[in-house]
Amino acid sequence: MVQNAIIGQDDSLVGGVLGAVVLLAVDAVVVRAATARAWTWRALNGTPTVLARDGRYLGPALRRLAVRRSDVDVLIKKQGAHSVADTTSVVLEPGGAVLVEMRPDRRPATSADAAALHERLRRIEELLEHGRPQP
């Protein structure tokens, strides 16, 4: 409606303003309805879909969404894993984000891991320097 008022045959200001007001009002109602109840939010936005679990793709989910394994492999690699075998779950969120949870033994080291390792090495150096304490 607003487009027709701007570039279409209806070039009246009233038609454009009326169209814009209707669009904004409908949008406000839909947003409020979606946030008021969980089921309306899910109906309008969708729910997360598990694409892989325990290192294996879920074929029915991939086929239902028409998602190729190679596309998911790229997303998995972008998040630090080498393959789907390194993951415990791969989930496609309604907004399009892909969440990859890696197996604990495949997760990259964090700064806390590096700090703990540094502290352990410091203690080993201290023990080597001063000798092993007597029990």
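For the structure given in this document, a descriptive report is provided here. (Residues numbered from 1 in each chain as written. Predicted model: local features only at pLDDT ≥ 70, side-chain atom pairs only at ≥ 80, totals over all residues. Heavy atoms only, no water.)

Some details on the overall build of the protein chain
Counting its secondary structure elements, the protein chain contains 6 helices and 4 strands. When contacts within the protein chain are restricted to residue pairs at least 6 apart in sequence, long-range pairs at least 24 apart make up 29% of them. Roughly 10,500 Å² of accessible area belongs to the protein chain as shown, and the carbon and sulfur atoms make up 59% of that amount. (Helix = DSSP H or I, 4+ residues; strand = E, 2+ residues; numbered from the N terminus. Contact = heavy atoms within 4.5 Å. Areas by Shrake-Rupley, 256 points an atom, 1.4 Å probe, with all protein chains shown as cover.)

Observations concerning the environment of Leu-99
For Leu-99, the location among the structural elements is in strand β4 (residues 98–102). In this structure Leu-99 comes out as partly exposed when scored by relative accessible area, which is 45%. Along the chain, Leu-99 and Leu-51 lie 48 residues apart, while their C-alpha atoms are 10.0 Å from each other. Once you skip the residues sitting within four places of it in the chain, Leu-99 turns out to touch Gln-79, Ser-89, Val-90, Val-91 and Glu-93. (Buried < 20%, exposed > 50% of the residue type's maximum accessible area, 1.4 Å probe, protein only.)

Looking at the side chain of Asp-86
If you trace the backbone, Asp-86 turns up in the loop between α5 (69–78) and β3 (87–92). Note on Asp-86: relative accessible area 7%, which makes it buried. A distance of 2.9 Å separates a polar atom in the side chain of Asp-86 from the backbone nitrogen of His-82. In this view, Asp-86 contacts Ala-81, Met-102, Arg-103 and Arg-106; residues no more than four positions away in its chain are not counted. (Polar contact = N/O pair within 3.5 Å; in protein donor to acceptor, adjacent residues only side chain to side chain.)

Some points on the sheet that holds strand β1 (residues 49–53)
The strand order across the open sheet formed by 4 strands is β2-β1-β3-β4, and the pairing between neighbours is antiparallel. Pairing within the sheet leaves two strands with one partner each, and these edge strands are β2 (56–57) and β4. Relative to β3, β1 runs antiparallel, the two sharing 4 bridges. Looking at β3, one finds that Thr-49 is bridged to Leu-92. (Pairing = 2+ DSSP bridges.)

Concerning the pattern of salt bridges
Evaluation of the coordinates by the stated rule reveals 5 salt bridges. A salt bridge links Arg-68 to Asp-71; the nearest nitrogen and oxygen atoms lie 3.0 Å apart. On the basis of relative accessible area, Asp-71 is assigned to the partly exposed category, the value being 35%. Notably, a salt bridge pairs Arg-123 with Glu-119, separated by 3.4 Å at the nearest N-O pair. With Arg-123 and Glu-119 both in helix α6 (residues 111–130) and 4 residues apart, this pair spans about one turn of that helix. (Salt bridge = Lys/Arg side-chain N within 4 Å of Asp/Glu carboxyl O.)

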